[in-house]
Each structure stands twice: as structure tokens, then as C-alpha cells.
Amino acid sequence: MACSRFEYVKAFERHDRLLPGCWAVIRLDGRSFTNFSKAHAFAKPNDSRALRLCNAAAEAVLRDFDQHLAFAYGESDEFSFVLKRQSALFARRESKILSTVVSLFSSAYVFYWNKFMGDVPLKGPPSFDGRVVLYPTTKHLRDYLAWRQADTHVNNLFNTAFWALVKGGKSQRESEEILKGTSSKEKNEMLFTEYGINYNDEDAMFRKGSFIVSNLPSGRWGGEVSLKRTREGEAASSECGMAGGDGDGKFVTLHVDIIGDTFWNENPDLLAPSD
Ligand code: DGT
Ligand code: MG
Ligand code: MG
Ligand code: MG
Ligand code: MG
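The shown structure was predicted, so the numbers you read here are calculated from the model rather than taken from an experiment.

Visitor: Let's hear about the packing of aromatic side chains: which residues, and what values?
Guide: One pass over the full model with this rule turns up 24 aromatic pairs. A centroid spacing of 5.8 Å and a plane angle of 65° characterise the contact between Tyr144 and Trp147, whose relative ring orientation is edge-to-face. With Tyr144 and Trp147 both in helix H5 (residues 138-167) and 3 residues apart, this pair spans about one turn of that helix. A relative accessible area of 3% places Tyr144 in the buried class. Centroid distance Phe162 to Trp163: 5.2 Å. Interplanar angle 90°. Geometry classified as edge-to-face. This pair shows no difference in class: Phe162 is buried, exactly as Trp163 is.

Now the structure itself:
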């Protein structure tokens, strides 16, 4: 029986259940981070403190929804969280999942700000947009992740070349002109011959982005990762490092190739059908 004559308004609510059995990617992205990064003097082209702050915020989300999220991948001001195919989180209600993940990431970003940004004052409340995209097959999900990592590579190679030119005395306009239409190979050669920069020696976090996954229950990365563990306050320059939120060792952050098959073949349970 209705509690009140007003209760009929509930019928106006929209059902937005995510299709069962599909992978769902929740991607969030910083709003106007072009301005936000300038306002807080982020290092160019990559600020490892800011990237590690994003990783810590993502780790907070993973910790809260540990049983439901398979892993997360982040770069620049964005993070993608992969909801397990069989997850029944919030009865798969899209708006509830999306709004909770985005708000938790935003509040964790602020919560951990000082831990990573030291005495840089936070000048205003950052915000993040979010969307959910369904992928019916694992191939679609793999291609989605490859798309984001390819984006990381293209942007980072361009930005590394661009800021090398600017730091070498060229104006920003000249640098853009020089790089217009150049291939990856040409940018790599220019960096090496003119600036002595071997692009492959650049921080793996900048080149590959950050892949964060629970180290439990299989503990498959336990041994190697604990050896390479990034200490508090250090730049995460190793291939593997702790994301560093609460640093409880439950999660590992990897800066590895996720476009090719090797990583997935070595870790088949990440995309296991039962997940
Ligand atoms: P949006 O997402 O449409 O609200 O606009 P933006 O401005 O956030 O643009 P987006 O998301 O396409 O690009 C990310 C911006 O954030 C881009 O201008 C570079 C900046 N950014 C992200 N990470 C870093 C960093 O580590 N250092 C610096 N200097 N800038 C960064
Ligand atoms: Mg955007
Ligand atoms: Mg953005
Ligand atoms: Mg972005
Ligand atoms: Mg409530």
C-alpha cells in the first residue's frame, strides 16, 4: 500500500540498469585541468606528484569496491575503472555506480592532496566528469584499454618533444610548427639527436600510464613488486610501485604495456569469464 498520496512520483524515475554480462567501463576525467594544472603549477609535461595523487584517488575507489572492480587504468587527468561482468553492484544501476565512483574519486583527490602536493595550496575544489560505456566482449574491452594507452603514448611523445623544444629556446608556436605532421620515429630521433633524450628511458608512468590492480588474493605480483616498491615521497619511476594512497600493500600500480598480448597472457585471471 502506498505510504502517501505523493508516492506516485516515484514512477517517474528512470530505470538505468547496465546490461548484464557486459564489461562496464567507468571513465572519469578532470574538468578544465588545462587551467587547474596551470593554476597549481604542475610540472610540464608530466607532474609525477599529480599523477601519483590521481593513482591514490583511484586506489581509494578500488579499495571501496574491491569485489566489483577488476582493475583501473589512468593517465593525465583521467581514470577508467572496469566493472566485472558479473558484478551486481547497486543492482547495476548506472547513475548510482557512476555518481558514487566520481564523487569518491573527487573527494579522495582532495583528501590526499597534501600528501602528494606537499605545501602547494589547493586553490579550489576540482571536479571530474564521468561516463559509463558497456563492452559486450573481452576483445572490445582490450581494444578500449589499448585505445587509452595508445592515447597516452601519442600525447606523451608529442608533449615530451614539444617541451624539449621549448626548454631548448624555441617559442611554443615554433615548436608546434616543427612538430606538425612528424611521425613517432621522427620525434624519437629529434629527441635523441638534438636533446640527448632516449624516449624509452623516460619514466614508465609517463609513457605507459598506470594500471592498478588488487594484489590479492593470488598475490601474483607480491614478490617482485615488494622489491621494487616505491617509497613514500619518491617519484614512481620504477616499472612497478605502490599507488601510495594508504600504502597498505593491497594494490599494485604497474606501468606496463597493455596493448600487446603478453601482459594478459601472463595474467589470465584478470579477464577471466567468471569475473
Ligand atoms: P575537459 O576535460 O574537457 O574539462 O578539459 P581539460 O582542460 O581537462 O582537457 P583534457 O582532459 O583533454 O586534458 C587534460 C589537461 O590536463 C591537459 O591540458 C594537460 C593537463 N595535465 C594533465 N596532467 C598533467 C601534468 O602532469 N602536468 C601538466 N602540466 N598538465 C597536465
Ligand atoms: Mg575531456
Ligand atoms: Mg580533463
Ligand atoms: Mg583528460
Ligand atoms: Mg541514500
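Visitor: If you had to explain the site of ligand 1 to someone new, which residues and values would you point to?
Guide: Inspection of the region around ligand 1 gives 15 residues, with Asp29, Ser32, Phe33, Thr34 and Asp47 positioned closest. Within the contact set of ligand 1, an oxygen atom lies 2.5 Å away from a side-chain nitrogen or oxygen of Thr34. Note that a nitrogen atom of ligand 1 is positioned 3.0 Å from one of the backbone N or O atoms of Ala43. In the complex, 65% of the free accessible area of ligand 1, which totals 630 Å², lies under the protein chains.

Visitor: Please set out the coordination of the magnesium ion (ligand 4) residue by residue, giving values where relevant.
Guide: Distances from the magnesium ion (ligand 4) to its protein donors, Asp29 (OD) and Asp77 (OD), fall at 2.1 to 2.2 Å. A distance of 4.6 Å spans the gap from the magnesium ion (ligand 4) to the magnesium ion (ligand 2). In this pair, Asp29 sits in strand S1 (residues 23-30) while Asp77 sits in the loop between strand S2 (69-75) and strand S3 (78-83), placing the two residues 48 residues apart along the sequence. Classification of Asp29 by relative accessible area gives partly exposed; the value is 21%. A relative accessible area of 12% means that Asp77 is categorised as buried.

Cut-off values and rules
- Numbering of residues begins from 1 in every chain and follows the order in which that chain's sequence is written.
- Note on labels: chains are lettered from A, ligands numbered from 1, in written order.
- Side-chain atom pairs in this predicted model are given and counted only at pLDDT of 80 or more, local residue features only at pLDDT of at least 70, and totals for whole chains, interfaces and linings cover all residues.
- Hydrogen atoms and water are omitted, and side-chain values are computed over all heavy atoms in the structure.
- Each Phe, Tyr or Trp ring (for Trp, its six-membered ring) is paired with any other whose centre lies within 6.5 Å, and the angle between the two planes then decides the class: stacked below 30 degrees, edge-to-face above 60, tilted in between.
- Numbering of helices and strands runs from the N terminus, with a helix taken as a DSSP run of H or I at least four residues long and a strand as a DSSP run of E at least two residues long.
- Accessibility here uses a 1.4 Å probe with only protein chains present; expressed as a share of the type maximum, an area under 20% marks a residue as buried, one over 50% as exposed, and anything in between as partly exposed.
- What makes a residue near a molecule or strand is one non-hydrogen atom of that residue sitting within 4 Å of it.
- Here a polar contact is recorded for every N or O atom pair within 3.5 Å, except that within protein the pair must consist of a potential hydrogen donor and a potential acceptor, and residues adjacent in sequence are included only if both atoms are side-chain atoms.
- Under the convention used here, a 1.4 Å probe and the Shrake-Rupley method define accessible areas, while residue burial counts only the protein chains that appear.
- A 2.8 Å cut-off from the metal defines N, O and S donors, relaxed to 3.2 Å for Na, K and Ca; water is not in the atom list, so some sites may appear incomplete.

None of the figures reported here should be taken as evidence of function without further support.
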